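This is what each chain is made of:
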Amino acid sequence: MAERQPAEIAVDQASLAMLAKAATEGVSHAFARADAQGKSCPFGSDGVCCRVCHMGPCRITKKATRGICGADADTIAARNLLREVAAGAAAHSDHGRHLVHLLKAVAEGQGGDFTLRDETRLREAARAWDVAEQGRGPLEVAKDLAQLFEQEFTRQEGPLATLKLAPLPRQAVWKRQGLAPSGIDRSIVEALHRTNIGVDHDYRDLLRTALRVGLADGWGGSMIATTVSDILFGTPQPIRGMANLGVLEERKVNVLVHGHEPALTEMLVAATRDPELTAAAKAVGAEGINLAGICCTANEVLMRHGVPVAGNFLQQELAIITGAVEMMITDVQCCMASLPEVAKCYHTLVVTTSPMARNIGAEAVEFDDRRALECSRAILRKAIANFPRRDPRKVSIPRQKAALVAGFSNETIFNILGGTFRRSFRPLNDAVITGRVRGVAGIVGCNNARGKVDEYHLTLTRELIKRNILVLQTGCAAVACAKAGLLTPEAALELAGPSLREVCEAVGIPPVLHMGSCVDNSRLLLALTYIVQEGGLGNDLSEVPAIGVAPEWMSEKAVAIGHYFVASGVDVILGRPFHTAGSEAVTRFLCEELLTQGVTGARFHYISDVQQAVETIVAHIESKREALGINRKAGRKLFDMKDRRGLEV
Ligand code: BF8
Ligand code: SF4
């Protein structure tokens, strides 16, 4: 691929400015590397390259229609996809497992500085999962809940207990179709087993397994991660914040938290408020410490503390290129391998706090949960000591930053809509039933260096709110829209269609609701569940006028997310296709037969053109409305004699 001009790479001015700076300073970044990669290998893109055994790699071509073992394009493409789902589910779920361990430690009095921040949420969760809570102390309840969650990982038989949170008709679909997963670990192990050479060769069976593993992620690992985060760190509430590289401060020690695990970050937030550390920062000539986030760690601390967001996935290198970052603290997921290389061009220290996410050139810092605050202070001291090494000639912080409101957990949506005394989704259901809100679109997922960053997210979101569709967001999609100012109540006035605007104004919400990090896509599953439970919009998730979209996705985690939405009965539009084009049968199964053969009641759509996506979403939502019968005018029908006779027959 020829090297692209900056304007072909990104839409936001802050990123463009940093790309220009990188060019002057000779710093490489993901976009340049994407160009250097050139066109992707067609066998990989089509999903027909198999490396499962060492007789291979085998590639399927017109001449060689089977690999050495006899596997055809359908088996190979399905097997590759299932492995992606397993990897994505593993990432989310392992994150959940770490949080469960922390919950258990806190419950046993071994949690150091961590506490149970949200007892109400703890008790609600206990009731939802049938853990006795009445008349018992919070630590006792937490211990039992942690144990139950642990068992969700190790369960060998019977369906996951968390599946019970879904509407009954959906549970019935899973049972009928054999899609209900057992233990999370077991599901992932089984996926790896099935995809070994010489095991499962039926693409339909492999793809059903992908749905099952997806469900183990969405309703299992991710749901557990979200729930435990809320219990330990507090359930998010609407909170103001800022987003984009302009949140970095020239006169302060800039510390960026990056990755996905919220535990350390919670303590860093507390440590930055320590007057001793502020004094230490002043002693080296800074005005204080400025903590900001990248990727989903950013979403977590934004939602709970209003910590500013410096950027989404493809801004991680650009943040260092500002020359103003003293330290970037990384853990697991989405932290680029290149960070230490980019940091070498500046004074930035890259630190890794997760024993499973090491990087050559990044300093490994032990983070002990039991001494979390002390460890956080030590890390911040290192960052402060690095401030004098900053080269002022290399510092250029873009001005751009946008205000936002985040923190729309379901618990707060209940309160906002219904009031604390009558917590309810009723007003939202009524707005959908009367057509003031046509439906709901969840726009989620990553950025992709192969495309023009944020463009699909922004165009799609603007077009949908203009058409009175409420948008729910998580992950890097939410940050993309935050940077463009779409996450403010004012955006409703300027950009939403008249009836959505009215609803937003009445309750004081933005037309685009930030619901959290990527594991918090589980909140979207529950939001749809609450809509069903509230009544009037169908009995199953597949009946709600709703859709999921991942416009610019790139991660295996997004593959898993797509699968659990579709398995839950929600159609998913992907801005970029899965690597399945080499098998017509696999593509047809995912994009047609899951729906037409009644496997899930929903399907995937591969749509790279944003306008076509808008049309598909509107048509989909309207067809769901038609099926529910809520598009009919509710006027009174006057019967004439002919009608009456008709009735008597
Ligand atoms: O987990 S949206 S680029 S940061 S994978 Fe990664 Fe994708 Fe961002 Fe959050 Ni989710
Ligand atoms: Fe080739 Fe079969 Fe081995 Fe895959 S499993 S590499 S198709 S021989």
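Anything mentioned here points back to the structure above.
Residue numbers run consecutively from 1 along every chain, following the written order of its sequence. Ligands are numbered from 1 and chains lettered from A, in the order in which they are written. Reporting in this predicted model follows two pLDDT cut-offs: at least 70 for local features of residues, and 80 or more for side-chain atom pairs to be given and counted; totals over whole chains, interfaces and linings ignore these cut-offs and use all residues. The side-chain quantities take in all heavy atoms of the structure and omit both hydrogens and water.

A.B. asks: I keep staring at the overall build of the protein chain and nothing clicks. Help me out?
C.D. replies: In terms of regular secondary structure, the protein chain is built from 27 helices and 16 strands. Based on C-alpha atoms, the radius of gyration is set beside the globule rule, defined as 2.2 Å times the residue count to the power 0.38. For the protein chain, the C-alpha radius of gyration of 25 Å lies close to 26 Å, the compact-globule estimate for 649 residues. Referenced to the eigenvectors of the C-alpha coordinate spread, the extents of the protein chain come out at roughly 90 × 70 × 50 Å. Each of the 649 residues in the protein chain was classed as buried or not, and the buried ones make up 60%. Should any heavy atoms of two residues lie within 4.5 Å, those residues are considered in contact. Long-range pairs, those at least 24 residues apart, make up 75% of the contacts in the protein chain between residues at least 6 apart in sequence. Per-residue and other accessible areas follow the Shrake-Rupley method at a 1.4 Å probe size, with only the shown protein chains counted as cover for residues. When the accessible area of the protein chain is evaluated, it comes to approximately 25400 Å², of which 51% is carbon and sulfur surface. We count a stretch as a helix when DSSP gives it H or I for four or more residues in a row; a strand needs E for two or more, and each element gets its number in order from the N terminus. Burial status follows relative accessibility: with a 1.4 Å probe on protein chains alone, a residue under 20% of its type maximum counts as buried, one over 50% as exposed, and anything between as partly exposed.

A.B. asks: Just checking my understanding: could you explain the coordination of the nickel atom of ligand 1 for this structure?
C.D. replies: The expected angle between donors at a tetrahedral four-coordinate metal is 109.5 degrees. At an octahedral six-coordinate metal it is 90 or 180 degrees. Coordination here is defined by N, O and S atoms within 2.8 Å of the metal (3.2 Å for Na, K and Ca), and since water is not considered, a site can look incomplete. There is one protein donor for the nickel atom of ligand 1, namely Cys-518 (SG), at 2.1 Å. Viewed at the metal, the 4 donor atoms of the nickel atom of ligand 1 are separated by angles of 92 to 154°, and the geometry they form is irregular. Tracing the backbone shows Cys-518 in the loop between β13 (512-514) and α23 (521-534). Angular criteria define each label, namely tetrahedral for four donors with all angles between 85 and 135 degrees, square planar for four and octahedral for six donors with opposite donors over 155 degrees apart and remaining angles between 65 and 115, and irregular for whatever fails these tests.

A.B. asks: Teacher, can you tell me more about the nonpolar core here?
C.D. replies: We define a nonpolar core as any set of buried Ala, Val, Leu, Ile, Met, Phe, Trp, Tyr and Cys residues linked to one another through side-chain atoms lying within 4.5 Å. Counting residues in hydrophobic clusters, the biggest one holds 172 residues, and the most contacted among them are Trp-219 and Leu-460. Element by element, the count of residues in this core is highest for helix α10 (residues 203-233), at 16 residues. If we ignore the near neighbours within four places in the chain, the residues touching Trp-219 are Thr-162, Leu-163, Leu-165, Ala-166, Trp-174, Leu-525, Leu-526, Thr-529, Leu-541 and Ser-568. Core analysis: the next-biggest nonpolar cluster, separate from the first, contains 40 residues, Leu-248, Ala-310, Met-336 and Val-395 among them.

A.B. asks: Help me understand the site of ligand 1 in this model?
C.D. replies: Throughout, the term near means that a residue has one or more heavy atoms lying within 4 Å of the molecule or strand in question. In the neighbourhood of ligand 1, the contacting residues comprise His-260, Cys-295, Cys-296, Phe-313, Cys-334, Gly-445, Cys-446, Cys-476, Cys-518, Met-554, Ser-555 and Lys-557. For the purposes of these results, a polar contact is taken to be a pair of N or O atoms within 3.5 Å, where, inside protein, one atom must be able to donate a hydrogen and its partner to accept one; residues adjacent in sequence count only when each atom of the pair is a side-chain atom. Side-chain polar atom of Lys-557 to an oxygen atom of ligand 1: 3.1 Å apart, as the coordinates give it. Across the shell around ligand 1, the residue classes tally to 8 nonpolar, 3 polar and 1 charged. Lys, Arg, Asp and Glu make up the charged group, whereas Ala, Val, Leu, Ile, Met, Phe, Trp, Tyr, Cys and Pro make up the nonpolar group; the residues left over, Gly among them, are polar.

A.B. asks: Even after reading the chapter, I still don't get the packing of aromatic side chains, so can you show me in this structure?
C.D. replies: For any pair of aromatic rings, the description rests on two quantities: the centre-to-centre distance and the angle between the ring planes. For Phe, Tyr and Trp, rings pair up if their centres lie within 6.5 Å, where Trp contributes its six-membered ring, and each pair is then called stacked (planes under 30 degrees apart), edge-to-face (over 60) or tilted (otherwise). All chains considered together, the criterion is met by 11 aromatic pairs. Ring pairs connect the aromatic residues Trp-553, Phe-578, Phe-604 and Tyr-606, which therefore count as one cluster. Working rule: Lys NZ or Arg CZ, within 6 Å of ring centre, within 35 degrees of ring normal, means a charge sits over the ring. The ring centre of Tyr-203 lies 5.8 Å from the NZ or CZ of Arg-204, which sits over that ring. When the ring centre of Tyr-346 is taken as reference, the NZ or CZ atom of Lys-394 above it lies at 5.3 Å.

A.B. asks: How do you make sense of the pairing of strand β8 (residues 349-352) when you look at a structure like this?
C.D. replies: On a regular strand, each side chain points to the face opposite its neighbour's, so the side chains alternate between the two faces of the sheet. A pair of strands counts as paired when DSSP detects no fewer than two bridges linking them. Relative to β8, strand β7 (residues 327-330) is paired through 4 bridges, and the arrangement is parallel. Residue pairing for β8: Ile-329 is matched across the bridge by Val-351. Seen with its strands pointing away from the viewer, a crossover is right-handed when the path leading from the first strand over the helix to the second is clockwise. The parallel pair β7 and β8 is bridged by helix α15 (residues 339-344), and the resulting crossover is right-handed.

A.B. asks: Explanation requested: the pattern of salt bridges in the structure shown.
C.D. replies: As a working rule, side chains carrying opposite charge can pair if their charged atoms are close by. The salt bridge criterion pairs a side-chain nitrogen of Lys or Arg with a carboxyl oxygen of Asp or Glu, the two atoms within 4 Å. Applying the stated criterion across every chain yields a total of 47 salt bridges. Two residues, Arg-523 and Asp-230, come together in a salt bridge whose shortest N-O distance is 2.9 Å. One end of the pair, Arg-523, is in helix α23; the other, Asp-230, is in helix α10, with 293 residues separating them in the sequence. Asp-230 shares its class with Arg-523; the two are buried. A salt bridge links Arg-358 to Glu-366; the shortest N-O distance between them is 3.6 Å. Exposure remark for Arg-358: the relative accessible area of 42% places this residue in the partly exposed category. A cluster of three or more residues bridged by salt bridges with shared partners is formed by Arg-121, Asp-230, Glu-300, Arg-304, Glu-411, Asp-520 and Arg-523.

A.B. asks: What am I meant to see in the side chain of Glu-133 here?
C.D. replies: For Glu-133, the position within the fold is in the loop between α6 (119-128) and α7 (138-154). Beyond its immediate chain neighbours, meaning those up to four positions away, Glu-133 contacts Arg-123, Ala-126, Arg-127 and Val-141.

A.B. asks: Sorry if this is basic, but what is going on with the site of ligand 2 here?
C.D. replies: Close to ligand 2 lie Cys-50, Val-52, Cys-53, Met-55, Gly-56, Cys-58, Gly-67, Ile-68, Cys-69, Ile-76, Arg-79 and Ile-197. Tallied by class, the residues present in the shell around ligand 2 amount to 9 nonpolar, 2 polar and 1 charged.

A.B. asks: I keep staring at the sheet that holds strand β12 (residues 469-473) and nothing clicks. Help me out?
C.D. replies: By definition, the strands of a sheet pair up through backbone hydrogen bonds, in either a parallel or an antiparallel sense. Spatially, the 6 strands line up as an open sheet ordered β13-β12-β11-β14-β15-β16, and their pairing is parallel. At either end of the open sheet lies a strand with only one pairing partner, and these are β13 and β16 (604-606). Neighbour-to-neighbour, the strand axes of the sheet open up by a mean angle of 25°, direction not taken into account. Pairing of strand β11 (residues 439-443) with strand β14 (residues 546-550) involves 4 bridges; the strand directions are parallel. Paired with Ile-443 across the bridge in β14 is Val-549. Axes here mean lines fitted to C-alpha atoms, for a helix over just the part in contact, with angles spanning 0 to 180 degrees between N-to-C directions. Seen against the sheet, helix α19 (residues 455-466) touches β11, β12, β13, β14 and β15 (572-574) and runs at an angle of roughly 145° to β12.

A.B. asks: I would appreciate a short explanation of unusual backbone geometry in the present structure.
C.D. replies: Look at the link from Gly-56 to Pro-57: it is a cis peptide, with omega at 5°. Within the fold, Pro-57 resides in the loop between β1 (49-50) and β2 (58-59). Within the chain, Asn-244 stands out as a residue other than glycine whose phi angle is a positive 120°. Within the secondary structure layout, Asn-244 lies in the loop between β3 (239-243) and β4 (253-258).

A.B. asks: Any chance you could explain the side chain of Ser-542 here in plain terms?
C.D. replies: Here Ser-542 lies in the loop between α23 and β14. Dropping the residues within four chain positions of it, Ser-542 is found in contact with Arg-170, Ser-568, Gly-569, Gly-601 and Lys-624.

A.B. asks: In this structure, what is going on with the environment of Ser-568? I would like to understand it.
C.D. replies: With respect to the helices, strands and loops of the structure, Ser-568 is situated in the loop between α24 (556-567) and β15. Ser-568 sits in the buried class, given a relative accessible area of 0%. Sequence separation of Ser-568 and Asp-74 is 494 residues, and the distance between their C-alpha atoms is 24 Å. Side-chain polar atoms of Ser-568 contact the backbone oxygen of Tyr-564, separated by 2.6 Å.

A.B. asks: Help me understand helix α26 (residues 610-628) in this model?
C.D. replies: Take the number of residues in a helix, subtract one, and multiply by 1.5 Å to get its expected span. Helix length check: α26 (19 residues) gives 27 Å between terminal C-alpha atoms against 27 Å at 1.5 Å per residue, within 8%. Those residues of α26 that fall on the buried side of the exposure criterion are Val-610, Ala-613, Val-614, Ile-617, His-620, Ile-621, Lys-624 and Arg-625. Within α26, the buried residues cover an arc of 135° as seen down the axis, which keeps them to one side. The outward face of α26, more than 90 degrees from its buried face, is lined by the exposed residues Glu-615 and Ala-627. Arc, as used here, means the arc of the directions from the helix axis to the C-beta atoms.

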